[in-house]
Structure formats: structure tokens, C-alpha cells
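Coordinate analysis (summary)
So you can see what is in the structure, the chains are spelled out below.
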Amino acid sequence: MPDFIELDRLEKVFTVRRRAGRLRRERREVRAVDGISCTVARGEMVGYIGPNGAGKSTTVKMLTGILTPSGGRLRVAGIDPATDRTRLARRMGVVFGQRTTLWWDLPLRDSYALMRRLYRIEPARYRVNLERCVDLLDLGALLDVPVRQLSLGQRMRGDIAAALLHDPEVLYLDEPTIGLDVVSKAKVRGFLRDVNAERGTTVLLTTHDLTDVEQLCDRVVVIDRGRLVYDGGLAGLRAAGGGERTLVVDLAREAPPVEVPGARFVRSEGPRQWLALPAGASAAPVVAALAARYPLADLSVREPDIEEVIARVYASGGVPAPTAAPR
Amino acid sequence: MVDGLRAYALITGMWVRSTLAYRASFAMTVVANFAVTALDFVAIMIMFGHVDALGGFAMAEVAFLYGTTSAAFGLADLLLGSMNGVGQRVRDGTLDVLLVRPVPVFLQVAADRFALRRLGRVSQALLVLGWSLVQLDAASWSAGQWLMVPMMVLSGTAIYGALYAGGAAFQFWAQDAAEVQNSFTYGGNTLLQYPPTVFGAELVRGVTFVVPLAFVNWVPALRVLGRDDPLGLPGWVDFASPAVALVCCAGAGLAWRAGLRGYRSTGS
Ligand SMILES: Nc1ncnc2c1ncn2[C@@H]1O[C@H](COP(=O)(O)OP(=O)(O)OP(=O)(O)O)[C@@H](O)[C@H]1O
Ligand SMILES: [Mg+2]
């Protein structure tokens, strides 16, 4: 089976004019997306992350046919989004965290009814889908409120429902959890997981909240300045990010810094000591060595914080080679 | 195409329903729209209080010109007047939202905030046109003369519509081009309400060959009214309005495509 979404050396270059001097204008090229290649299989759920200005939104706009690529090749379900936009539109759902796809002045209910007819959704199917969305996203009380009166979080939930009424094969979400409270976030995540699991909807989401990615995506694609810097599992990203795991050791009594091969002392606080392990390494031999030499009261291992890993990846401008020696 | 028109009908229908929800305010805006446009004609009537003819045209003839151009303009304004809003959408990037729906963007932009109150202008124009036909003793006209009337209104609608669409397309590059476009549509409409003979030949030539507004009513109307053409064009030109309208629409369509292809959204 061919891949559902194919990006092949995809590029988008914006020419921007900048004022240079009083009257002169200078043309400058912004390579928003600079040769990204990757594929997404049907039913995958992919987190698409990167620092501000990395080119995430630009990629999503090309995937949805809003922007025409300046170079490379792009196919979604075998369709070129730029030339066959309307045909693809029936098969995809889009949520922009920044702006609504609903009609600003209409109550949600009317927006949905209009969507039903524009997308030619079968009435029975529509009823089922709407009911489900209303249920899971808690929209019941909001259906008769004009969109402009909804709060950001309420509107976002309304938008997510709107993107799914026509059973799209693929769902693009550009920062769908921006501005949501903890409860709404959990609701939205649960809903997306269900949609993906039950209907096999392919999901691509961009976010700055890495918890979204941790809880939803088996796969992350990290881009920076328009280039792909990582594509793979979260665990791999942790290892590749060169992060360290932390071993928190509670000794029976206060002691000088412990010394064990394979771990590095970080700091201590009374009987508690923190040791650092390279992310890829197993903790077992270290723990065994510790237990043999010191009186242990308790012990726990912490994974490197994903935020930290990402921050390191962003800062270094790429993933260090996985073989890079830990410090 | 049929799909697109269905979508246009659905979206405009939705806007109509939502305006009709406030019946009183809707009625008021229609009346206001009617009254404002009627003022144009009142100005003409006042003028005829002082003179018997304007550029050699009697009041009924001027009313005929007024009715045909205003009806055409009113219909185009009703159907495509909302396209003026596209510049704003380009600037703030909300055009993105229209681009992800399975409906041609052109029709979505045209149907956006469809304003039924614009029927005010159309009905006022049709009233004046009806009155002029009575005054001109149109009952004695030939079938050919009669046929010219709907042809003028329909071709005129298409020509004005092309101006709206072309102006909207231009807004992809210059987001405040709405002003320029308004001067062509509103300005053109005001111009065409008067006989060509009151204007200089240069201007008449301009509206014939450059912006072919003269084909909305001047050129065909002179034939219907049995008047001489001030530019002395060959006789068949009097029937060229539908062809001119088609060419205008094709041009506007191309411009729209080019504009949409160059759309680059916004950074956030
Ligand atoms: N319409 C545009 N015109 C000019 N430059 C643009 C446009 N859209 C995006 N850019 C530029 O392209 C680059 C990528 O922008 P993009 O919006 O894709 O970033 P992003 O990864 O979505 O960032 P964020 O996390 O802040 O949303 C930025 O440098 C931005 O300035
Ligand atoms: Mg973005």
C-alpha cells in the first residue's frame, strides 16, 4: 500500500519585502519549509513539532492545499492538494488553533447544519457523528450560542467537532490545545485518541505542548528552520537528544557522594543523592552496584524530561548523532 | 459548477434566514437601500424640472437608461457585492478557512454575508424601468426591441459582475483595491444613468473600448431608442453586449485564478 501522505523534498519559499532605507525596498527569501521528506501511513498519529517559525503551519497549509509548494512533491491519498483542493477537502478535516472554520455569527448548530449540506453528509451518519461529538466534547450547552460568543476553549472544541462531522480520512490539527484548560485538554486528547483508534483516522498535529505528543503520538517529526531534524519514536528522541536519566537514591543515612561505575554524581541533600545516567544505558547494573556498596532505603529512576530534550534539540539545531558519547 | 451553485444557494440561504430573523430591522434596511438609490433618480427629476431635454434625451429616455443600468448594477451588487470583503480576508488570512472547504472559493466569497437588502436598489431600478417603458409607449415596439431589454439587463449584470470579480481578484495584490473597483462599479453606474451625449467623446470612447461599460446600456439602448450612435460604430456592435459580457467574465475569471494562485496566507 502506498503511503497515505508523502512529502518529497517539499519546499515553500516566501519572498518578503522589507524596508531598507527611506524608499528602497529589499526583497528577501524566507525558506519556511526547506526540503522536507517524510511519509505518513494511513491510521498513524503523528506529532509535528518544532520551535516558533520552524515551518509547521506552513507545512499544514501545503498539505491542505491552502498554499502551493514552491518545490518538491506532495501527495495526500494520491492527490496533489494544490491542484485538486476541493476534491481533497471532502476527505480531510482541519482545525486551526488560531482561527475558526465556523461561521462567526452563526450558532454552532447552524454552522454544523450548513456543513452537513456543503459536505453532503448522510443525515443518519451526521446525527450519529454530531451526537458523539456533543457527548465527548461536552458541547450540549453551547449548540445555540453564536461562535463569536464562545470562549477560546469552547470554540476550539466546536471546531474539532466541525472537522470530524464528515468522517474525514485525515485530520490536521495546528495547535489544537492552545488556550485549553486542563480538563478540556484531557477531553480533547481522549477524543482524538478515540477517533484515531475507532475510525483509523490519520492524525497530524502540531503543538507546543509536548504532553499532547507524549499522550497521543507514537511518532514525532521534529523540524527546525524548515528542515527535518528528527523522525521517529519518542523514546528514540529521548535517546538521540542526549538526555540523561536521573537516579534518585535515598540512603539509610547521610553519606559522602556515592561512587559507582556508569553513573555520575550530581548533587545531594541529606541522605538523598541524585545521580545521572546516559539516556540509552540500562539502570540495572548501576542499581546492583549501588546496593552492593551502600545501605539503600529507596530508589527511583526518572526519564529525561521531554521538554528538556526538545529544548536541547532546538538549541543545537539538530539531533546529535545517536552515537555521541554522553558527557 | 452545479455543485458550486448549490453551495452558493445554501450559503446565501443561510444568510438570508439569519437576516430575516430580525424582520423589522431587515425591512428598515431594505427601505433605506431603496430610498438612498431613489435619491439618484430624484436628482434627475429635479434637473428635468428646469430643462426639457438632457443632451437631447427626454426624461423617459433618461429613465430608460437609468433603469437598465441600475437594474444590472443592482443585480450584480446583490450577487457579487460581498466580494469586496476579500481584501480583508487576504490581509488577515481568514481566506484559509474558505480554502479548506469543498466549495469553490469564488462562490464562498460571493456568498459571504449575502445582503438581501440590496434588493432595494434592484426593485427601485425596475420600477423606474417599468415607468420609462410605459412613457416610451413600448407596447408599440417590435419583438426585437423588446428582446433587447432583458438582454441589456442580463449582459449588464454580467459586465458589472466581471468588474466586481476582477476588482476582487486585484485585491489579492493590493488589499485596498476595493476603492478603485468601487469607482468603476458605482461610478460607472452613475455615468450610465445619463445619456452619452452629455459627456465628451473621449470619455464615451473610454467606456466603450477600455472599460466596456457602454455595452451595459448606452450602445444597445441607442438602438432600442432609435438614436444615433455618437461614436458612429457599425450597426452590429449594438448587439454585441452578450459577447462583450462573456469576454469580461472570462478575463475576470483568469484574474481571479491568478490572484488565488498567488495567495500566501499569513504567518499566524
Ligand atoms: N504568509 C507568509 N508570508 C511571509 N512569511 C511567512 C508567511 N507565513 C509564514 N512565513 C514565515 O515562514 C516561517 C515559518 O512560519 P510558520 O508559520 O510555518 O511557523 P510555525 O512552525 O507554524 O511557527 P509557530 O510555532 O510560531 O506557529 C516563519 O519564518 C514565518 O515568518
Ligand atoms: Mg504555527
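Note that the structure is predicted; figures quoted are calculated from it, not measured. (Residues numbered from 1 in each chain as written. Chains lettered and ligands numbered in written order. Predicted model: local features only at pLDDT ≥ 70, side-chain atom pairs only at ≥ 80, totals over all residues. Heavy atoms only, no water.)

To continue, consider the interface of chain B and chain A. On the side of chain A, 26 residues touch chain B, which itself brings 28 residues to the contact. The contact between chain B and chain A buries some 2500 Å² in all, and 59% of this surface belongs to carbon and sulfur atoms. Taken together, the connections running from chain B to chain A amount to 5 salt bridges. Residue Asp96 of chain B pairs with Lys61 of chain A through a salt bridge whose shortest N-O separation is 3.9 Å. Here chain B and chain A share 12 residue pairs in polar contact (both at pLDDT 80 or more) between them. Counting residues per element, the ones that place at least two in the side of chain B that touches chain A are helix H1 (2-20), helix H5 (95-99) and helix H12 (241-261) of chain B. Sort the elements by how many residues they give to the side of chain B that touches chain A and H1 of chain B lands first, with 8 residues. In terms of residue class, the side of chain B that touches chain A is made up of 14 nonpolar, 6 polar and 8 charged. (Contact = heavy atoms within 4.5 Å. Buried area = accessible area lost by both parts, 1.4 Å probe. Salt bridge = Lys/Arg side-chain N within 4 Å of Asp/Glu carboxyl O. Polar contact = N/O pair within 3.5 Å; in protein donor to acceptor, adjacent residues only side chain to side chain. Helix = DSSP H or I, 4+ residues; strand = E, 2+ residues; numbered from the N terminus. Nonpolar A, V, L, I, M, F, W, Y, C, P; charged D, E, K, R; others polar.)

Residues and elements named next belong to chain A. With 5 of its 5 residues buried, strand S7 (residues 202-206) lies for the most part within the structure. Of the two faces of S7, both are covered, the one formed by Thr202, Leu204 and Thr206 as well as the one formed by Val203 and Leu205. As defined by bridge partners, strand S3 (residues 45-49) adjoins S7 across 4 bridges and the pair is classed as parallel. Counterpart to Val46 in the pairing with S7 is Leu204. Pairing geometry for strand S6 (residues 170-174) and S7, over 5 bridges, is parallel. Residue pairing in the sheet places Val170 in a bridge with Thr202 of S7. Each parallel crossover has a hand, and for S6 linked through helix H6 (residues 182-199) to S7 it is right-handed. (Buried < 20%, exposed > 50% of the residue type's maximum accessible area, 1.4 Å probe, protein only. Pairing = 2+ DSSP bridges. Right-handed = clockwise from strand over helix to strand, strands pointing away.)

Residue and element names in this part refer to chain A. Taken in spatial order, the 3 strands line up as S2-S1-S4 in an open sheet, and their pairing is antiparallel. Every interior strand has two partners, whereas the edge strands, strand S2 (25-40) and strand S4 (71-76), have only one. With direction set aside, neighbouring strand axes in the sheet form an average angle of 30°. Strand direction decides the pairing type here: strand S1 (residues 5-19) and S2, joined by 13 bridges, are antiparallel. Counted as the bridge partner of Lys12 is Val33 from S2. Relative to S1, helix H1 (residues 56-63) is tilted by about 120°, and along the sheet it contacts S1, S2 and S4. (Axes fitted to C-alpha atoms, helices over the stretch in contact; angles between N-to-C directions.)

Residue and element names in this part refer to chain A. Within helix H9 (residues 284-293), burial applies to Val286, Ala289 and Leu290. Burial along H9 is one-sided: seen end-on, the buried residues are contained in an arc of 100°. Facing away from the buried side of H9 by over 90 degrees, the exposed positions are Pro285 and Ala292. Buried residues belonging to H9 abut strand S10 (244-251), strand S12 (272-278) and strand S13 (296-302). (Arc of directions from axis to C-beta.)

Right, let's talk about the pattern of salt bridges for a bit. Residues and elements named next belong to chain A. A complete count under the given rule lists 36 salt bridges over all chains for this structure. A salt bridge links Arg109 to Asp144; the shortest N-O distance between them is 3.0 Å. You can see Arg109 sitting in helix H3 (residues 108-118) and its partner Asp144 sitting in the loop between helix H4 (123-137) and helix H5 (152-164), a full 35 residues away along the chain. Measuring nitrogen to oxygen at the nearest pair gives 2.5 Å for the salt bridge that ties Arg125 to Asp167. One end of the pair, Arg125, is in helix H4; the other, Asp167, is in the loop between H5 and S6, with 42 residues separating them in the sequence.

With that out of the way, let us pick up the environment of Thr68 of chain A. Considering the arrangement of structural elements, one finds Thr68 of chain A in the loop between H1 and S4. In this structure the C-alpha to C-alpha distance between Thr68 of chain A and Ser151 of chain A, which are 83 residues apart in sequence, comes to 33 Å. When sequence neighbours within four positions are dropped, the list of residues in contact with Thr68 of chain A reads Lys12 and Ala82 of chain A together with Arg261 of chain B.

It is worth spelling out the environment of Gly200 of chain A at this point. Residues and elements named next belong to chain A. Topologically, Gly200 is positioned in the loop between H6 and S7. In this structure, the C-alpha to C-alpha distance between Gly200 and Glu169, residues 31 residues apart in sequence, is 7.7 Å. When near neighbours in sequence (up to four residues on either side) are disregarded, Gly200 contacts Gly43, Glu169 and Val195.

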